[in-house]
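Breakdown of the fold
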Amino acid sequence: FPTRRSSDLREAPRLAERPDRHDVRKLEPHRLQYEQGQWYVSGHDLDRDATRSFRLDRVAGPVTAGDAGAFTPPDDLPGVRLRPWELGPGPAETAHVLLEPTVAASVLAEDPELTVSATQPDGSVVIELEVRNPAGLRSFVLSHLEHAELLDPPGHRRDLIDWLKGFERLSS
């Protein structure tokens, strides 16, 4: 796959973003990264004039390399940050999650761009998440066990409780 070579030689390859779309993107690849079982290439999308990440298994068609030495990658190369609650179509809905002090510091250290909407005297924090994928939100909350609580919106909270009650019914 020429993406790694393009990154090393500072070529700007052209690639088709997804099999269901026919647009071709020109990318200055800055980073090739393996994250949660998938390979991603990140860089400057010349067509959108913005930093973008592309999952390599979703690239369709041939990838053609540009001229060697066509760009200089930045010194600060941000990695791919996958937030499962953000991965989905449609408009986002704001959710608030309470993180106890035992996990709050590590969650914020791992993802310092999370929005803290409140800090409690005991060291717990309320983070604000823009949710497009309720299952991803559920996964995030449950990954912290009893140290995280989904506060709102009521619909997502009710769905989480109902999902957990489904396991209770299975064990009876």
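Residues numbered from 1 in each chain as written. Predicted model: local features only at pLDDT ≥ 70, side-chain atom pairs only at ≥ 80, totals over all residues. Heavy atoms only, no water.

**What about the overall build of the protein?**
Helices and strands together make up the secondary structure of the protein, namely 4 helices and 9 strands. For the protein, the N- to C-terminal ordering of α and β elements is α-β-β-β-β-β-β-α-β-β-α-β-α. (Helix = DSSP H or I, 4+ residues; strand = E, 2+ residues; numbered from the N terminus.)

**Points about a nonpolar patch on the surface**
Where nonpolar side chains cluster on the molecular surface, the patch consists of Trp163, Leu164, Phe167 and Leu170 and spans about 420 Å² of accessible area. If you trace the backbone, phenylalanine 167 turns up in helix H4 (residues 154-171). (Patch = residues over 30% accessible without salt bridge, like charges linked within 9 Å, V, L, I, M, F, W, Y side chains within 5 Å. Areas by Shrake-Rupley, 256 points an atom, 1.4 Å probe, with all protein chains shown as cover. Salt bridge = Lys/Arg side-chain N within 4 Å of Asp/Glu carboxyl O.)

**Structural notes on the sheet that holds strand S6 (residues 93-99)**
A sheet is described by the order of its strands in space; here 4 strands give the open sequence S7-S8-S6-S9, paired in antiparallel fashion. Of all the strands in the sheet, the pair left with one neighbour each is strand S7 (115-119) and strand S9 (148-152). This sheet shows a mean twist of 30° between the axes of neighbouring strands, independent of strand direction. In this structure, S7 lies alongside strand S8 (residues 125-131), joined through 4 bridges in antiparallel fashion. Residue threonine 119 lies in a different strand from S8, and its bridge partner there is valine 125. On top of the sheet, helix H3 (residues 134-142) reaches S6, S8 and S9; it is set at about 155° to S8, its chief contact. Together, S6, S8 and S9 form the strand contacts of H4, whose direction differs from that of S9 by roughly 135°. (Pairing = 2+ DSSP bridges. Axes fitted to C-alpha atoms, helices over the stretch in contact; angles between N-to-C directions. Contact = heavy atoms within 4.5 Å.)

**Describing the environment of proline 154**
Here proline 154 lies in helix H4. Here the alpha-carbon distance between proline 154 and alanine 95, two residues 59 residues apart in the chain, equals 9.2 Å.

**Description of the pattern of salt bridges**
According to the stated counting rule, one finds 5 salt bridges in the structure shown. Between glutamate 149 and arginine 157 there is a salt bridge, with its nearest N and O atoms 3.1 Å apart. Judged by its relative accessible area of 34%, glutamate 149 falls in the partly exposed class. Residue classification places arginine 157 among the partly exposed residues on the basis of a relative accessible area of 30%. Each member of the salt-bridge network shares a partner with another, and the members are Arg83, Glu86 and Asp111. (Buried < 20%, exposed > 50% of the residue type's maximum accessible area, 1.4 Å probe, protein only.)

**Topic: the pairing of strand S3 (residues 38-45)**
The element S3 is largely enclosed, with a buried count of 6 among its 8 residues. Inspection of the sheet shows S3 paired to strand S4 (residues 50-55) by 6 bridges, in the antiparallel sense. Directly across from tyrosine 40, in S4, lies its bridge partner arginine 55. Between S3 and S4, which pair antiparallel in sequence order, lie 4 residues; one of them, aspartate 49, sits at a positive phi of approximately 50°.

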